[in-house]
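The lines below spell out each chain.
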Amino acid sequence: MFDELEASARNEDPRRFQQRFGEIWTAAQDLGPEELTAGVERIATFLGGCWGIFAKSAVLAGALVERGGSPVPLAGVLPKRAAVAMERQVQFPGVWAAATRGRPLPDPAGGLSGLVDAGMRIKKKAKRTGLSEDECFIVSVSWFDTEEWLKALITVLALRDFRAAMGEHDRIRVRDAAAAIAHDVQRAHWVLGLSVVLDDEPLIVLDPSSGRGFRLTMSGVGDNHQLHTLLADRLMGPGLLDGERPGDAWVAAASTAHPTPPGNDPIYRRFRLFDGTGAYVYPEGRPADIERLNGMRVLVLHPPRGNYGWLNGRTYEHMESQLDLDGELTPVEAGDWLARIAPARETDLMGMNP
């Protein structure tokens with residue numbers, strides 16, 4: 001079936017492609033992990049040449065991964081192909097305006113007929129755009145199929161195995177391409193966040209009020225709301241820091257349960273966070289935004305000063321997170337780190353209104 005799927009994509013036969021797509025998905029319901037992985041591997045061999053409706057091959061590969069197949073075979077092709085689609089989508093409005101003298105942009109959900117119509121319009125006026133006819137085709141296709149690439153990327157980027165297998169150059173390219181369209185394309189916003197997720201990232205957390213410090217290791221934490229809750233869970237309790245631990249439902253929402261706690265009750269932070277340079281760590285940000293101090297991401301805990309809450313425990317429901325408390329710093333180590341940090345610039349709302 002995969003040979004026929006590839007042949008239909010290469011021969012640009014959408015009817016046959018959709019038929020084989022459905023047959024493979026039906027058969028996949030009864031496959032085990034090894035067979036699913038073999039399917040992912042097979043799709044990866046021709047995925048780089050797919051476009052338009054045939055880009056749904058990426059979605060199919062992502063679906064096989066969701067059912068238990070390994071995402072690793074996609075690491076060498078999917079990020080590159082998705083980045084090309086996003087980069088060319090950025091070009092499309094300017095190319096379209098040049099080719100059509102300012103006609104309204106076509107609907108990206110216009111399907112195959114919309115793609116063909118847009119491609120023909122641009123191709124006929126390729127000289128106006130400064131691109132070759134082949135380049136015009138690639139730009140046109142990307143306006144219509146980028147969403148398919150983004151769907152697949154969201155699935156696999158949530159998996160640590162895939163993130164580990166993806167090359168750093170590809171990760172940066174995906175990050176930059178997603179950032180360029182994230183304001184206009186919601187799925188690109190999610191891809192951007194996933195592209196900067198940290199794994200095996202060491203943290204130093206300092207509590208100036210007690211003079212204590214801790215070493216932690218973080219993987220798969222998608223946002224600072226989630227980080228707040230997991231940190232409080234790891235650091236508060238008998239023998240640790242004073243303060244009320246977050247509720248079990250809050251911790252579950254930030255880790256493995258549904259992201260919204262039962263009853264839609266808000267999750268409240270137990271402290272305000274600043275980095276080692278003194279900058280406020282916004283709960284709405286991401287761990288990758290935390291500046292390093294002497295090569296290490298350092299978090300400094302300050303009193304919460306009132307209730308600041310949010311409704312969702314984490315951004316990426318299907319991404320497995322890990323925050324390990326590796327141990328407490330010795331008093332000398334904690335004092336050394338506390339001497340290095342800059343004073344907190346309390347420009348946040350709670351800081352300015354004690």
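Residues numbered from 1 in each chain as written. Predicted model: local features only at pLDDT ≥ 70, side-chain atom pairs only at ≥ 80, totals over all residues. Heavy atoms only, no water.

1. Let's talk about the side chain of Arg-20
This is how the line gets drawn: Under the DSSP-based scheme used, a helix requires at least four consecutive residues in state H or I and a strand at least two consecutive residues in state E, with every element numbered from the N terminus. Only protein chains enter the area calculation, which uses a 1.4 Å probe; residues under 20% of their type maximum are buried, those over 50% are exposed, and those in between are partly exposed. Here, residues are in contact when the closest pair of their heavy atoms is within 4.5 Å.
Relative to the assigned elements, Arg-20 resides in helix H2 (residues 14-28). The class of Arg-20 is buried, set by a relative accessible area of 13%. Apart from the residues within four sequence positions on either side, Arg-20 is in contact with Glu-4 and Leu-5.

2. Thoughts on the pairing of strand E4 (residues 272-275)
Put simply, the rule reads: Two strands qualify as a pair provided DSSP detects at least 2 bridges between them.
In E4, alternate side chains face the same way, and those of Arg-272 and Phe-274 on one face and Leu-273 and Asp-275 on the other are all buried. Across four bridges, E4 lies against strand E6 (residues 296-302) in antiparallel orientation. Looking across to E6, one finds that Phe-274 is bridged to Val-300.

3. So, the packing of helix H5 (residues 78-100) against helix H8 (residues 133-157)
We apply this condition: Whenever a helix is involved, its axis is fitted only over the stretch in contact; in every case the axis is a line through C-alpha atoms, and angles between N-to-C directions fall within 0 to 180 degrees. Oblique is the label for any angle not under 35 degrees, not over 145, and not in the 65 to 115 range, which are roughly parallel, roughly antiparallel and roughly perpendicular in turn. Take the far helix as your reference; a near helix turned counterclockwise from it by less than a right angle gives a left-handed crossing, and one turned clockwise gives a right-handed crossing. Residues are grouped as follows: nonpolar covers Ala, Val, Leu, Ile, Met, Phe, Trp, Tyr, Cys and Pro; charged covers Asp, Glu, Lys and Arg; every other residue, Gly included, is treated as polar.
Contact pair H5 / H8: the axes reach a minimum separation of 7 Å and the direction vectors enclose 140°. Our classification of the angle between H5 and H8 gives oblique. Note that H5 runs across H8; the crossing there is left-handed. Across the contact of H5 with H8, the residue classes break down as 17 nonpolar, five polar and three charged.

4. Section: the pattern of salt bridges
To keep things clear, this is the line we draw: One side-chain nitrogen of Lys or Arg within 4 Å of one carboxyl oxygen of Asp or Glu is enough to make a salt bridge.
This model, assessed by the stated rule, comprises 25 salt bridges. Note that Arg-163 is salt-bridged to Asp-199, the shortest N-O span being 2.8 Å. Linking Arg-163 in helix H9 (residues 160-165) with Asp-199 in the loop between helix H11 (186-195) and strand E1 (201-207), this pair joins segments that are 36 residues apart in sequence. Using a relative accessible area of 23% as the deciding quantity, one classes Asp-199 as partly exposed. Several salt bridges converge on common partners, so that one network encompasses Asp-3, Glu-6, Arg-10 and Arg-42.

5. As for the packing of helix H10 (residues 168-181) against H11
Between H10 and H11, the least distance of the axes is 8 Å, while the angle of their chain directions is 145°. The handedness of the crossing between H10 and H11 is left-handed. Across from Arg-171, Val-174, Arg-175, Ala-178, Ala-179 and Ile-181 in H10, the residues of H11 making contact are Ala-188, Val-191, Leu-192 and Ser-195. Here the residues of the contact of H10 with H11 sort into seven nonpolar, one polar and two charged.

6. Points about H8
This is how the line gets drawn: Expected span of a helix, by definition, is 1.5 Å for each gap between consecutive residues, and there is one gap fewer than residues. At any given residue, the bend is defined as the angle formed between two axes, one fitted to the seven residues that end at that position and one fitted to the seven that begin there.
In this model H8 runs 33 Å from its N-terminal to its C-terminal C-alpha over 25 residues, within 8% of the 36 Å that 1.5 Å per residue would give. Of all the bends found along H8, the most pronounced is centred on Phe-144 and spans about 60°.

7. Observations concerning the packing of aromatic side chains
Using the following cut-off: The criterion for an aromatic pair is that two Phe, Tyr or Trp rings (for Trp, the six-membered ring) have centres within 6.5 Å, with stacked assigned to planes under 30 degrees apart, edge-to-face to planes over 60 apart and tilted to the rest. Lysine and arginine charges are scored as sitting over a ring when NZ or CZ, respectively, is within 6 Å of the ring centre and within 35 degrees of the ring normal.
Tallied over the entire structure, the rule returns 11 aromatic pairs. For the ring pair Phe-17 and Phe-54, a centre distance of 5.2 Å and an interplane angle of 85° mean the geometry is edge-to-face. Of this pair, Phe-17 sits in helix H2 while Phe-54 sits in the loop between helix H3 (33-44) and helix H4 (56-66), and the two are 37 residues apart along the sequence. Grouping residues by exposure puts Phe-17 and Phe-54 together as buried. Centre to centre, the rings of Tyr-280 and Tyr-282 are 4.7 Å apart; their planes meet at 75°, and the pair counts as edge-to-face. The buried category is assigned to Tyr-280, whose relative accessible area is 12%. Put simply, the rings of Phe-17, Phe-21, Trp-51, Phe-54 and Phe-137 pair up and form one aromatic cluster. The ring of Trp-337 carries Arg-340 above its face, with NZ or CZ at 4.0 Å from the centroid.

8. Section: the nonpolar core
Stated formally: Definition used in this section: a nonpolar core is a set of buried Ala, Val, Leu, Ile, Met, Phe, Trp, Tyr and Cys residues joined via side-chain atoms within 4.5 Å.
Ranked by size, the top nonpolar core spans 66 residues in total, and within it Ile-43, Leu-47, Leu-74, Leu-78, Met-86, Trp-149 and Leu-153 carry the most contacts. For this core, the leading source of residues is H8, giving 11 residues. With near-sequence residues (within four places) excluded, Leu-74 lies in contact with Val-40, Ala-44, Leu-47, Ala-61, Val-65, Pro-79, Val-156 and Phe-162. Judged by nonpolar contacts, the second largest core, of 22 residues, contains Met-236, Val-281, Ile-290 and Leu-301.

9. Re the side chain of Ser-8
With respect to the helices, strands and loops of the structure, Ser-8 is situated in helix H1 (residues 2-10). For Ser-8, a relative accessible area of 0% puts it in the buried group. Residues in contact with Ser-8, not counting those within four places in the same chain, are Asp-13, Arg-16, Phe-17 and Phe-54.

10. Remarks on H5
Over its 23 residues, H5 runs 32 Å from end to end, which matches the ideal 33 Å to within 8%, given 1.5 Å per residue. Just past H5, the residue Arg-101 takes up positive phi, approximately 60°.

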